[in-house]
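# Coordinates in review
The lines below spell out each chain.
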Amino acid sequence: MAAAPAVLEMRSITKEFPGVKALDNVSLTVRLGEIHAICGENGAGKSTLMKVLSGVYPHGTYEGEIYYQGELVEFKDIRSSEHVGIVIIHQELALIPELSIMENIFLGNEVRGRFGIDWGETRRRAEELIARVGLRASPDSLIKNIGVGQQQLVEIARALSKNVRLLILDEPTAALNEDDSEHLLDLLRGLRSKGLTSIMISHKLNEIEEIADSITIIRDGHTVETLDVRAGEINEDRIIRGMVGRSLSSRFPEHEPKIGETFFEVKDWRVEHPEVPGRLVCKDSTFHVRRGEIVGFAGIMGAGRTELARSIFGRSYGRFLSGTITMDGKEISMPDVLSAIKHRVAYVSEDRKALGLNLLDTIQETVISANLPRVSKHSVIDDDRSYLAAEEYRKSLNIKTPTVKEGVSKLSGGNQQKVLLAKWMFTEPDLLILDEPTRGIDVGAKYEIYGLIQRLADSGKGVVVISSELPELMGLCDRIYTVFEGRVTGEIRGADATQEELMRLMTGTGLARAR
Amino acid sequence: MSSIRQFGMGLALIVLILFFQITTGGDVLTSTNVQNLIIGNSYILILAIGMVLVIIAGHIDLSVGSVAAVTGIIVALAIRDWGIPWWLGVLLGLGVGAVIGAWQGFWVAYVGIPGFITTLAGMMLFRGANQWIGQSNSVPVPQGLQDFGAGYLPEWGPNTQLNNSTLLLGILVAVWIVYSEVRRRRAAIRLGIAPPSTRAAVTRVVVSIVVIGYVTYLFGSGRYGTSFPIPGIILLIVAVVYHFIASKTAEGRHVYAVGGNRAAAALSGVNIRRTNFLVMMNMSVLAALAGMIFVGRATSSGPADGTGWELDAIAAVFIGGAAVSGGVGTVLGSVIGGLVMAVLNNGLQLSGVGSDKTQVIKGLVLLVAVAFDVYSKSQGRPSIIGKIFPSRKGRETGTTPGLEEPRPEVPVADGATAAQG
């Protein structure tokens, strides 16, 4: 196949921030009608490059040239890039929850009639777009009432409404479950067959391998290489090697589990949805954790894993109905978060920014925040002891920061995750529940987090890992529970688990043991 | 960030004072004027100290003026009609503040009514209560309470040309500054951090002591019988205590946590309701204290006491670097913010500028101060101060976008982050 003409050429882009060269002589060539993936670790410069392209960083704030459809372009702002058909969809969706799908699609781009907005035409076009992206919802549904997968489709519909010619997707599937991701990828394939060019940033290498035509790898602000997938021989390991500059012989550190006796048991755990009475989010869930064991929870999004974890952790989710928790042979009650912490249970949230960190705090303040008494004397916080505690974690967890007085908002995702882990390790837990501990962080940092989890288990703690990435659970966990619609549907030894078996249990296929 | 910000504010305050000192031909820095400045503004500064905690927690309190007023009338009537001594009246007043605070805290923390609404209601409620209880009369208060609100420290001991109480106070503060500097250096050495250079430390201590010495002289050299005023001492104590609470105790950290990220705080074991309750309650107690200081100064409690105070206090807090979205702010910043407003008021008055123009200027200063904060934040720079004095600390606070996690520039985020000065 002859190479299609280049629709976009970014030549020698250099973008400097005070003290940091975020992009150094980066070039990118995207050909017409292809899906072009951009890979790189967090902080490699992928998003910065896309911001240069879409005009978030206007012409003049960077060096280098951008040729779009053969012409030199100089975008002043996002509007001017959208004007020529370059539309960017950010990882964190820019939709208004209280407005309808239809209103969101045409927000800022309203269909004007003679007297204000032409709602009839708006509806007609919205329905057309909704059908085109395969969205199963009415144009009048409010954004807050549809799932995140569907919201992603609304974003794409919005981009299509702007006559997009080059679609940029930043981590489009990061928050989606397998089904929604698959649907989204299908949609992108369909759009490609109609001639749409897309650029996709993603950490999910399997998806990239599956869908991309070309892959450009960026590392530390430099272009490493551009791989042509159609030429074949591109697999995940090849991409990882480009991203980290070395081959990860294994994505999981070697580990010999030291498993002790069962110390934590949950029996017949029933929890009701906080807003919908009568709807159970945990249906007689029973599980146990042994000392030194890493226990995984697999399930599709919305299966109730997070709900289960949070309802155990100080009943911080839902309405508790019945069930018992036994720890070290004694039945315990944890009616609030404080008592859960006192019982040495820790929960590290899946949502770092919304539920885990106060982004206004420094690293030091964050580390001590869930266990202030440990650094206080007569309820006065001792600055020195706080500093030393934070400093210890900075070293042992390899948190990359000049000082622990740095604000957590300035850290990369992987380092934020480490700080969050440090915060909960500081509560000296016996049981750690880690909810999606590697979401949105890069390959190198993942490896470090896995090693850390193994070290925690080896020190005699029980670790529960909730994850949507099955290979992660299979590589890391000694035992895996599957959850489907609030029910624990299976239990498999990590070594024996296969993706097919897990998927079968996670989706309730052939489920016979309903209680 | 906050220390740079505070340093900048402190500098702005000094520049402002010097400006008016020159333009008024030396009328600002006279004993009488600074004494009056403190007496006339201590109650607003005390309100600002309570208000900054409320604002850090993500609320607002509009009722402080009315709470101050109703406390004033209750205390005045109790002293006059029941014959209780003035100090018992003060304790009663603090109790009244606590009860009112518990009422407001209940609605905010346990029922979930936004502070704005609860205290808007409180503003009317307690204003009405003041006029109802006092039948819109002015009720005089005894000498004891008048001293509480506008009195001076006693004269004693040898003739030093200064008020000896003020002198002693100045010496105590100077000793404390030296002590805390030594302590800080020891801690740094113990932790293995390179302490700031000896020269810088000595310079800082010397400059501080010179300033303290001058302030002591200024307040102590007034006419016989005057000193650093009593309400100023109350303010000093309140400021030190609350600075300590806000920065060094779990309760203080919890206020920042609740305002910074409520959900994360809840999942860290912070009792959100209790924190909100205490913050609102505390505000009313301080409002009661402010009300009594004012009544003492005015020598009577009246139906219009405390009108508009909430706005002065809120302005002080925002000039002092707090963020509307919560989670950001300091006690010291708010005190400095309040002093900036006070000096502005005083300086303009001494310059013969009418109250109409004064209002206009104050409004602009508030707007510009906060706009400046928002601007420097959006530029990823700490502030202009950080540019003029490029210190190691100043550079650290600058963002390094390359290290940041990819963060989309979604329009909704702008307003939210911009205000977090």
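The name an unreviewed UniProt entry gives chain B is Xylose transport system permease protein XylH, with Luteimicrobium album as the organism. Note on chain B: under the UniProt heading Subcellular location (unreviewed entry), the record states "Cell membrane". In UniProt, chain B has this text filed under Function (unreviewed entry): "Part of the binding-protein-dependent transport system for D-xylose. Probably responsible for the translocation of the substrate across the membrane."

As named in an unreviewed UniProt entry, chain A is Xylose ABC transporter ATP-binding protein, taken from Luteimicrobium album.

## Section: the overall build of chain B
A tally of regular secondary structure across chain B gives 18 helices and 2 strands. Within chain B, the fraction of its 421 residues that count as buried is 51%. Sequence-distant contacts in chain B: of pairs separated by 6 or more residues, those separated by 24 or more amount to 77%. Of the roughly 19,400 Å² of accessible surface on chain B, a fraction of 68% belongs to carbon and sulfur atoms.

## Some thoughts on the sheet that holds strand β10 (residues 222-228) of chain A
Residues and elements named next belong to chain A. Judged by pairing direction, the sheet is mixed, and its 6 strands sit side by side in the order β6-β7-β8-β3-β9-β10 without closing on themselves. Bordering the open sheet on either side are β6 (86-89) and β10, each of which pairs with just one other strand. Along the sheet, successive strands turn relative to each other by an average axial angle of 15 degrees, direction set aside. For strand β7 (residues 166-170) and strand β8 (residues 197-201), the ladder comprises 5 bridges, and the chain directions are parallel.

## A closer look at the pairing of strand β22 (residues 487-493) of chain A
Consecutive side chains of a regular strand alternate in pointing toward one face of the sheet and then the other. Residues and elements named next belong to chain A. By the bridge criterion, 6 bridges tie strand β21 (residues 479-484) to β22 in an arrangement that is antiparallel. Bridge pairing in β22 links T482 to G490. Adjacent in sequence and paired antiparallel, β21 and β22 are bridged by 2 residues, among which E485 carries a positive phi angle near 45 degrees.

## Topic: the pairing of β8(A)
All names here are of chain A. Among the 5 residues that make up β8, 5 are buried, leaving the element largely enclosed by the rest of the structure. Side-chain alternation along β8 places T197, I199 and I201 on one buried face and S198 and M200 on a second face that is also buried. The pairing of strand β3 (residues 35-39) with β8 spans 4 bridges and is classified as parallel. Along β8, the bridge assignment pairs I35 with S198. In this fold, β7 hands off to helix α6 (residues 178-193), which returns the chain to β8; that crossover is right-handed.

## Looking at the packing of aromatic side chains
For the structure shown, the criterion picks out 18 aromatic pairs over all chains. Centre to centre, the rings of F297(A) and Y481(A) are 5.3 Å apart; their planes meet at 25 degrees, and the pair counts as stacked. On the criterion of sequence distance, the pair formed by F297(A) in strand β13 (residues 294-298) and Y481(A) in strand β21 is long-range, its members being 184 residues apart. Each member of the pair, F297(A) as well as Y481(A), carries the same accessibility label: buried. Relative to W309(B), the ring of F294(B) has its centre 5.0 Å away and its plane inclined at 75 degrees; by these criteria the two rings are edge-to-face. Here F294(B) is found in helix α12 (residues 272-298), whereas its partner W309(B) is found in helix α13 (residues 309-319), with 15 residues between them in sequence.

## Examining unusual backbone geometry
Unusually for a residue other than glycine, N25(A) sits at a positive phi of about 60 degrees. As for its position among the elements, N25(A) is in strand β2 (residues 20-31). Even without glycine at this site, S136(B) takes up a positive phi of about 55 degrees.

## Brief notes about helix α9 (residues 230-248) of chain B
All names here are of chain B. The terminal C-alpha atoms of α9, which comprises 19 residues, lie 27 Å apart, in line with the 27 Å expected from a rise of 1.5 Å per residue. Turning to α9, its buried residues are P231, G232, I233, I234, L235, V238, A239, Y242 and A246. On its buried face, α9 sits against α2 (31-56), α6 (143-150), α7 (164-191), α10 (250-260), α12 and α14 (331-350).

Calculation criteria
Residues numbered from 1 in each chain as written. Chains lettered and ligands numbered in written order. Predicted model: local features only at pLDDT ≥ 70, side-chain atom pairs only at ≥ 80, totals over all residues. Heavy atoms only, no water. UniProt positions renumbered as here; feature names shortened; annotations may be inferred. Helix = DSSP H or I, 4+ residues; strand = E, 2+ residues; numbered from the N terminus. Buried < 20%, exposed > 50% of the residue type's maximum accessible area, 1.4 Å probe, protein only. Contact = heavy atoms within 4.5 Å. Areas by Shrake-Rupley, 256 points an atom, 1.4 Å probe, with all protein chains shown as cover. Pairing = 2+ DSSP bridges. Axes fitted to C-alpha atoms, helices over the stretch in contact; angles between N-to-C directions. Right-handed = clockwise from strand over helix to strand, strands pointing away. Phe/Tyr/Trp six-rings, centres within 6.5 Å; stacked < 30°, edge-to-face > 60°. Expected span 1.5 Å × (residues − 1).

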